[in-house]
Amino acid sequence: MQVYLDNAATTKMDKKVADIMYTYSVDKYANASSIHYQGEEVYNNLVKAKKSVAKILNTDIDSLIFTASASEANNLIIKGVARANKDKGKHVIVSSIEHPCVLGPAKELSKEGFRVSYLPVDKQGRVKIEELKKLLKTETVLVSIMAANNEIGTIQDIKKIAKLVKKSGAYFHTDAVQAVPYLNIDIADWGVDFLTLSAHKFHGPKGVGLACINKAIKIEPLITGGSQNQGLRSGTTDTAGIMGFAKALEIAYKNRDKKIEKIKNLRDYFLLEIKKNIKNVYLNGHPSKRLDNNLNLRINGVEGEAVLMDLSNQGICISTGSACSAKNLKTSYVIQALSIDPNYINSNIRFSLSKSTTKSEIDYTVKKLKNTVKRLRSFSPIK
Amino acid sequence: MALNYTKKTLNHFLKPKNIGEIKNADAYAEIGNMVCGDQLNFSIKVEKGKIKDVKFLSFGCASNIATASIMTEKVKGMTLEEARNYDWNKIVSDLGGLPQQKVHCSIMAVQGLKKVINNYQDKGQEKKKPKKNKK
């Protein structure tokens, strides 16, 4: 049996998304900037798609800057806003559990003479609001706090944080890449200046990100050239990508409540079954303020990557809580930020469900996980 | 990034040889720790200057388990001197290669082996067991 439980890494593209992307690659392929009738048709359909995106996110169409990834969008926002507004101050605050594509640009800024503060989180991954109050200074230009964490699934109270940050005079950005469709994203209601999305996290194409910007705030582009996107992001418009993004977002928020309820019920059942079958398993992150599809677990006595490889061998795709198995051998900084016992920082795994996850897949996974953990614990020196 | 473990590495991970702890072993050694994410515990039985038996316990990733498994298989029957100088490159080649970021596992395995041999020789015939890890 093949089971894909790594939907926080990426999702399967929806057939309808693939279809529309095919149409805008093969049939309606004209350059949206061309003024002939074919270009005009593509342009007009693009505007319709952008309007649909803007409506779902409750923002206006001119504030949508499509990029080639969420990494690019985050780089544009973090560096672009800080650099363009350095006369206001040279202080930036990011949470300690941000994605590397927020931490990377923040680090770059610190090399340019910006002061970067890292906002700590509590044991469940919620940012410490009192600490944020202390960190906010008159010279703070930008604060970036993710809406939901990619590893542990913890959701932040973005509306409350945005209010606090805006009151101090700083600009606010949230990386909401993991939030679709689990949070009801509402840019106006949340009161955020900048927000980032990524199509491939919600059954859209890889290679299409979105930076939602506040046009009243100065921002320096990363890529200059043909002045597309009001000069904020040059490059030929990725028509197929944007059409795919819009279709995926539309599908994601259609019958949203019903869909996420199903995922949540399955996830809760999953956790219950695991706890019933395996001893010394603990949930990482927040018990209720977490993404409905996320299950990040600490399984005492076994190493996360060994569990991953063993399950992978049995057809099940998951991820480790640590980045160990990915590229480097460093333990996950997100898990470390939760200040859990250092002895357990390498015993974490992440399951992330999607709308197509089934109960039989979950039952199969529980059965296999039970055997895997039993096998690995049988020769673990940690009793 | 894909690790592309060889079939041999996967086999040693899925069905490791020489796992466990020898009862009344002649020496024990522990290398690495849970904080780093890799730990190996070795126990050996020595007879006439040769490794009669060697077993290991592992808290670690697939290659941590596989490297210890293939190494213990190869050093059984070796003299203590041969085993002490066992080359980690040999483990890598025996497994048909290891991904770059996992080569350190083979180094750790030979270091653990060296440590258990040293413990045996330092203590003579005295059998001493290290403190067990707390739960």
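Treat the numbers as computed from the prediction; the structure is a model and nothing was measured.

Asker: Can you lay out the overall build of chain A for me, pointing to particular residues and giving the numbers?
Answerer: Scanning chain A from terminus to terminus reveals twelve helices and 13 strands. A compact globule built from 383 residues would reach a C-alpha radius of gyration of about 21 Å, and chain A, at 21 Å, matches this within 12%.

Asker: Can you explain the interface of chain A and chain B? Please cite residues and give values.
Answerer: If you look at the interface, chain A gives 20 residues, while chain B gives 21 residues. Residues of the side of chain A that touches chain B, tallied by class, amount to ten nonpolar, six polar and four charged.

Asker: A description of the confidence of the model for chain B should follow, citing residues and the corresponding values.
Answerer: With 91% of its residues at a pLDDT of 70 or more, chain B shows a mean pLDDT of 91. In the predicted complex, the global pTM is 0.93; the interface-specific ipTM is 0.90.

Asker: Please give an account of the domain arrangement of chain A that cites residues and values.
Answerer: Residue and element names in this part refer to chain A. According to the domain assignment, chain A consists of domain 1 (3-10 + 256-375) and domain 2 (15-253). Using only C-alpha atoms to locate each centre, domain 1 and domain 2 end up separated by 27 Å. Contacts between the two partners involve 22 residues from domain 1 and, on the opposite side, 23 residues from domain 2. For the side of domain 1 that touches domain 2, the leading source of residues is helix 9 (residues 256-277), giving three residues. Its residues placed into classes, the side of domain 1 that touches domain 2 shows six nonpolar, ten polar and six charged.

Asker: Lay out the sheet that holds strand 13 (residues 348-352) of chain A with the relevant residues and their values.
Answerer: In sheet architecture, strand pairing relies on hydrogen bonds along the backbone and comes in two forms, parallel and antiparallel. Residue and element names in this part refer to chain A. Taken together, the four strands give an open sheet; going across it, the order is 9-10-13-12, and neighbouring strands pair in antiparallel fashion. The outermost strands of the open sheet, each flanked by one partner alone, are strand 9 (281-283) and strand 12 (319-320). Two strands pair when backbone bridges link them, and strand 10 (residues 294-299) and strand 13 are joined in this way by five bridges, in the antiparallel orientation. Counted as the bridge partner of Arg298 is Asn348 from strand 13.

Asker: An account of the pairing of strand 8 (residues 209-212) of chain A is requested, with residue identities and associated values reported.
Answerer: Two faces make up the sheet, and in a regular strand the side chains alternate between them. All names here are of chain A. The alternating pattern of strand 8 places Gly209 and Ala211 and Leu210 and Cys212 on opposite faces, both of which are buried. In this structure, strand 2 (residues 64-67) lies alongside strand 8, joined through four bridges in antiparallel fashion. Its bridge partner being in strand 8, Leu64 is matched across the sheet by Cys212. Sheet topology note: the strand 7 (residues 194-198)/strand 8 ladder contains four bridges and is antiparallel. In the sheet register, Leu195 faces strand 8, and the bridge partner there is Cys212.

Asker: Lay out helix 9 of chain A in plain terms, naming residues and giving numbers.
Answerer: All names here are of chain A. With 22 residues, helix 9 should cover 32 Å at 1.5 Å per step; its first-to-last C-alpha distance of 32 Å lies within 8% of that length. All buried positions along helix 9 are accounted for by Ile260, Ile263, Leu266, Arg267, Phe270 and Ile274. One side of helix 9 holds all its buried residues, which, seen down the axis, span an arc of 125°. Of the exposed residues in helix 9, those oriented more than 90 degrees away from the buried face are Asp257, Lys258, Glu261, Asn265, Asp268, Leu272 and Lys276. Structurally, helix 9 contributes buried residues whose contacts are with strand 9, strand 10, strand 13 and helix 12 (359-378).

Asker: So what's going on with the packing of helix 1 (residues 7-14) of chain B against helix 2 (residues 62-75) of chain B? Residues and values would help.
Answerer: Residues and elements named next belong to chain B. Direction vectors running N to C along helix 1 and helix 2 enclose 90°, while the axes themselves pass 8 Å from each other. Classified by the angle between their axes, helix 1 and helix 2 sit roughly perpendicular to one another. Residues Thr9, His12 and Phe13 of helix 1 form the contact with helix 2, whose participating residues are Ala62, Ser63, Ile65, Ala66, Ser69 and Ile70. Residues that form the contact of helix 1 with helix 2 fall into these classes: five nonpolar, four polar and no charged.

Asker: How would you explain the pairing of strand 1 (residues 27-33) of chain B if you had to name every residue and give the values?
Answerer: Residues and elements named next belong to chain B. Strand direction decides the pairing type here: strand 1 and strand 2 (residues 38-47), joined by seven bridges, are antiparallel. Residue pairing in the sheet places Gly32 in a bridge with Gln39 of strand 2. The loop that links strand 1 with its antiparallel partner strand 2 comprises four residues; one of these, Gly37, has a positive phi angle of about 95°.

Asker: So what's going on with the sheet that holds strand 3 (residues 50-59) of chain B? Which residues, and what values?
Answerer: Residues and elements named next belong to chain B. Within the open sheet, the three strands sit side by side as 1-2-3. Their pairing is antiparallel. Of all the strands in the sheet, the pair left with one neighbour each is strand 1 and strand 3. Across the sheet, the mean angle from the axis of one strand to that of its neighbour is 15°, orientation sign disregarded. Along the sheet, helix 5 (residues 103-122) contacts strand 1 and strand 2; its crossing angle with strand 1, the most-contacted strand, is approximately 145°.

Rules and cut-offs
- Residues numbered from 1 in each chain as written.
- Chains lettered and ligands numbered in written order.
- Predicted model: local features only at pLDDT ≥ 70, side-chain atom pairs only at ≥ 80, totals over all residues.
- Helix = DSSP H or I, 4+ residues; strand = E, 2+ residues; numbered from the N terminus.
- Rg over C-alpha atoms; globule rule 2.2 N^0.38 Å.
- Contact = placed C-beta atoms within 7 Å.
- Nonpolar A, V, L, I, M, F, W, Y, C, P; charged D, E, K, R; others polar.
- pLDDT = per-residue confidence, 0-100.
- Domains from an automatic or database assignment.
- Pairing = 2+ DSSP bridges.
- Buried ≥ 20, exposed ≤ 12 C-beta atoms within 10 Å, placed from the backbone.
- Expected span 1.5 Å × (residues − 1).
- Arc of directions from axis to C-beta.
- Axes fitted to C-alpha atoms, helices over the stretch in contact; angles between N-to-C directions.
- Parallel < 35°, antiparallel > 145°, perpendicular 65-115°, else oblique.

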